[in-house]
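Summary of structural features
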Amino acid sequence: MLSDLMLSALNAQITQEKFASATYCQMASWFAAQNLQGFCKYFQEQSKEELSHAQKFINYIWLQMGEVKLSDLSAPKQSWYNPIEVAKDALELEKNVTLLINDLMKFALSESDFATQSMLLWFIDEQVKSEFEANELLQKLIMIGDDKAALLAIDEDLEPTPNTGDFWNIKSDDNV
Ligand SMILES: [Fe+2]
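Parameters and conventions
Residues numbered from 1 in each chain as written. Predicted model: local features only at pLDDT ≥ 70, side-chain atom pairs only at ≥ 80, totals over all residues. pLDDT = per-residue confidence, 0-100. Contact = placed C-beta atoms within 7 Å. Helix = DSSP H or I, 4+ residues; strand = E, 2+ residues; numbered from the N terminus. Axes fitted to C-alpha atoms, helices over the stretch in contact; angles between N-to-C directions. Parallel < 35°, antiparallel > 145°, perpendicular 65-115°, else oblique. Left-handed = near helix turned anticlockwise from the far one by under 90°. Nonpolar A, V, L, I, M, F, W, Y, C, P; charged D, E, K, R; others polar. Expected span 1.5 Å × (residues − 1). Core = buried A, V, L, I, M, F, W, Y, C linked by C-beta atoms within 7 Å. Buried ≥ 20, exposed ≤ 12 C-beta atoms within 10 Å, placed from the backbone. Arc of directions from axis to C-beta.

1. Quick look at the confidence of the model for the protein
- In the predicted model, the protein carries a mean pLDDT of 93, and the fraction of residues at 70 or more is 91%.
- Considering only residues more than four positions removed or in separate chains, one finds that residues 163-168, a stretch of pLDDT under 50, has five contacts.

Shown next as structure tokens:
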């Protein structure tokens, strides 16, 4: 069983994960409008991942016989100046989620809630990967500067193809 305070903290995290999903969806839409389909699909995949994170918290609350209570989502940012600005925001988003997950872990430790600590370990590992990936994309974009040909090459690299092990799908399967 979860304490009332832990239950409300976990419910709040569901909203944060859904907000991250909405933000990535909005980023994907911005790239679609720029005709950068690889970037669009990459951010769409991030959006799906965040939804699966929300679902993980929901499933955990159900398993602990708690009640899920969804809250309103604030609207995400809707436009960006260039791909670098999007990538910077994506990294900041992940850093913020890391802080929130860390806070949840601190709280679980303070309550000696071992089950929640165990569940959160997956998210702690996931955030390390997510920050690494977001930073990698940002650094590549900084490296190429205004080189449009290089931007298109990254866009092509980000396009998932069925014959290359479908990297992004493998990642989302891990989250189920
Ligand atoms: Fe997440």
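2. Structural notes on the environment of Ile-61
- Following the sequence through the fold, Ile-61 ends up in helix 2 (residues 37-63).
- Between the C-alpha atoms of Ile-61 and Gln-37, which are 24 residues apart in sequence, the distance is 36 Å.

3. What to know about the packing of helix 1 (residues 4-33) against helix 2
- Relative to each other, helix 1 and helix 2 sit at 165°, their axes nearing to 8 Å. For the element pair helix 1 / helix 2, the angle class is roughly antiparallel. In this structure, the crossing between helix 1 and helix 2 has a hand that is left-handed.
- Residue composition of the contact of helix 1 with helix 2, by class: 18 nonpolar, six polar and three charged.

4. So, helix 1
- Between its first and last C-alpha, helix 1 extends 44 Å over 30 residues, near the 44 Å set by a 1.5 Å rise per residue.
- Once helix 1 ends, the next one or two residues include Asn-35, with phi positive near 60°.

5. Structural notes on the nonpolar core
- Grouped together as the largest cluster of nonpolar side chains are 35 residues, with contacts concentrated most on Met-27, Phe-31, Phe-39 and Phe-43.
- Those elements giving two or more residues to this core turn out to be helix 1, helix 2, helix 3 (83-110) and helix 4 (114-144).
- For this core, the leading source of residues is helix 1, giving ten residues.
- Among all residues touching Phe-39, those that are not within four sequence positions of it are Phe-31, Pro-83, Asp-155 and Leu-158.

6. Quick look at helix 5 (residues 148-158)
- Three or more residues of helix 5 are buried, namely Leu-151, Asp-155 and Leu-158. Burial along helix 5 is one-sided: seen end-on, the buried residues are contained in an arc of 65°. Turned more than 90 degrees away from the buried face of helix 5, the exposed residues are Ala-149, Glu-156 and Asp-157.

7. Remarks on the environment of Ser-130
- Take Ser-130: it is sitting in helix 4.
- The spacing of Ser-130 and Gln-46 is 84 residues in sequence and 9.3 Å in space, taken between C-alpha atoms.

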